[in-house]
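Descriptive analysis of the structure
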Amino acid sequence: MRNYNVEEEKSRKQKATRNTNKTSKRIMDIMQDISEFFVVFVKILLELLHSLFEKFMTKKLKDISGEIILITGAGHGIGRELALHYTAWGSVVVCVDINEKNNEETLKKAQRLMQNSVYAYTCDVANRDAVLKLAAKVEAEVGRISVLVNNVGIMPTHPLEQHTAEEIRRVFDINVLSHFWTLEAFLPQMKQQGRGHIICISSIAGVVGLTNLVPYCATKYAVRGMMEALHEEIREGPYKDFIKLTVVYPYMTNTGLCKRPKVKFPSMLGLLDPKEVAKHIVEAHRSNVNETTIPGSLLHVNNWCRLLPLRCGLLLKDYIDSGVESDL
Ligand SMILES: NC(=O)c1ccc[n+]([C@@H]2O[C@H](COP(=O)([O-])OP(=O)(O)OC[C@H]3O[C@@H](n4cnc5c(N)ncnc54)[C@H](O)[C@@H]3O)[C@@H](O)[C@H]2O)c1
Ligand SMILES: *[C@@H]1O[C@H](CO)[C@@H](O)[C@H](O)[C@H]1NC(C)=O
């Protein structure tokens, strides 16, 4: 009986020390977590100061002459203006479009600016096989590309119920899946060169949801998520200092894509000129900006509004009251 009590006492003591050890280990862990958080917090404050400081510095823009830049959807609108801007900056430009005639037109206009540094290829970028074939052809005929501008996009504009299944599949094929096929084709070329820049044209419809654009908004948000995730993957890998990403969210632009735009403040938030949009994109590219709206202020307005209760954002949306009417 006595022995038994001694044994019990011993095991109780052992248990108690174990518990104390456990508790002290937990306290140590928590202390470590807190100190690590403190370090992150100080780093965040320093980054904030750094960004403020950068605002007042003149931006360093990188040289893009000599880059081989492939632009999808270069036959019309923003893509065409981008092709002309990049040509003027002395880059080698590879224009890709499904519409051969328009693409040839872009080629001619660009060649008038600069001889021999522009190429045109006809390709449906929603078709994976076609994109992989295109990549092999461009590599053989022009060289490895160092900048990819994923610009193609279509915009069916009507209430959700009036979208056909075919239309919904097509808008995802062109606005989302094409990005995966071009990345599959051209990202390895960038990795081989140890440098590159991927630029994707999303839309203000990838920042706020808009009436008549349910599938379109879904595709533009998808591009945003894809780019944010890819940014993380590259940031954690060996190419973090060598492959840059830029995602662009332009407001409505006068290219004919928006068939029935609805604008309340034409002087402040009227349709943008595609030339201005292209200029802004090239500048974002040259300054390695990770994401930008066009005009630039909209991203900040949106980010601040997202901090407020949903209803406050809706009030502002109703006040701005701009978007698109059904094209049916
Ligand atoms: N115009 C706007 O208001 C606006 C606003 C924000 C974002 N955007 C986005 O900017 C991008 C360019 O828009 P835009 O207004 O210049 O369009 P656009 O219609 O003027 O030009 C798009 C070009 O892409 C080509 N294209 C379409 N499908 C293709 C495919 N499967 N393969 C290859 N080429 C294809 C077309 O032939 C056309 O030449 C799109 O992604 C669009 O969603 C446009
Ligand atoms: C973009 O993101 C990278 C991290 O991958 C960062 O180093 C860089 O400063 C960012 N660019 C700008 C202009 O904020």
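Residues numbered from 1 in each chain as written. Chains lettered and ligands numbered in written order. Predicted model: local features only at pLDDT ≥ 70, side-chain atom pairs only at ≥ 80, totals over all residues. Heavy atoms only, no water.

Looking up the protein chain in an unreviewed UniProt entry gives the name Epidermal retinol dehydrogenase 2 isoform X1, with the organism given as Bactrocera dorsalis. Looking at the Sequence similarities (unreviewed entry) heading of the UniProt record, one finds this comment for the protein chain: "Belongs to the short-chain dehydrogenases/reductases (SDR) family." (UniProt positions renumbered as here; feature names shortened; annotations may be inferred.)

As a further point, take the site of ligand 2. Within the structure, ligand 2 sits among His-231, Arg-235, Asn-288, Val-289 and Asn-290. Measuring from an oxygen atom of ligand 2, one finds a side-chain N or O atom of Asn-290 at 2.5 Å. Out of a free accessible area of 360 Å², ligand 2 has 42% covered by protein chains. Here the shell around ligand 2 is built from residues that sort into one nonpolar, three polar and one charged. (Near = heavy atom within 4 Å. Polar contact = N/O pair within 3.5 Å; in protein donor to acceptor, adjacent residues only side chain to side chain. Areas by Shrake-Rupley, 256 points an atom, 1.4 Å probe, with all protein chains shown as cover. Nonpolar A, V, L, I, M, F, W, Y, C, P; charged D, E, K, R; others polar.)

What follows concerns the pattern of salt bridges. The final tally for this structure, using the stated rule, is ten salt bridges. Among the ionic pairs, Arg-170 bridges to Asp-124, the shortest N-O distance being 3.7 Å. Taken together, the residues span a long stretch of sequence, with Arg-170 in helix H5 (residues 165–193) and Asp-124 in the loop between strand E3 (118–122) and helix H4 (128–141) at a distance of 46 residues. Overall, Asp-124 belongs to the partly exposed group, its relative accessible area being 25%. (Salt bridge = Lys/Arg side-chain N within 4 Å of Asp/Glu carboxyl O. Helix = DSSP H or I, 4+ residues; strand = E, 2+ residues; numbered from the N terminus. Buried < 20%, exposed > 50% of the residue type's maximum accessible area, 1.4 Å probe, protein only.)

Looking now at the pairing of strand E2 (residues 92–97). Remark: a regular strand shows side chains that alternate across the two faces of the sheet. With five of its six residues buried, E2 lies for the most part within the structure. In terms of strand pairing, strand E1 (residues 68–72) meets E2 through five bridges, oriented parallel. Opposite Ile-71, over in E2, you have Cys-95 as the bridge partner. Handedness of the E1-helix H2 (residues 77–88)-E2 crossover: right-handed. The pairing of E2 with E3 spans five bridges and is classified as parallel. Residue pairing across strands places Val-94 opposite Tyr-119, the latter belonging to E3. (Pairing = 2+ DSSP bridges. Right-handed = clockwise from strand over helix to strand, strands pointing away.)

So, on to a nonpolar patch on the surface. A cluster of nonpolar residues, Phe-37, Val-40, Phe-41, Ile-44, Leu-45 and Leu-48, forms a patch on the protein surface that exposes about 580 Å² of accessible area. The residue Leu-45 is located in helix H1 (residues 2–56) in this model. (Patch = residues over 30% accessible without salt bridge, like charges linked within 9 Å, V, L, I, M, F, W, Y side chains within 5 Å.)

The full set close to ligand 1 counts 27 residues, and His-76, Asp-97, Tyr-216, Thr-253 and Thr-255 are the nearest of them. Separating an oxygen atom of ligand 1 from a backbone N or O atom of Ile-78 is a distance of 2.8 Å. The backbone of Ile-98 places a nitrogen or oxygen atom 3.2 Å from a nitrogen atom of ligand 1. In isolation ligand 1 exposes 840 Å². Once the protein is present, 93% of that is buried. Mapped by element, the contributors of at least two residues to the shell around ligand 1 are H2 and helix H6 (214–235). Of the residues in the shell around ligand 1, the class split is 13 nonpolar, eleven polar and three charged.

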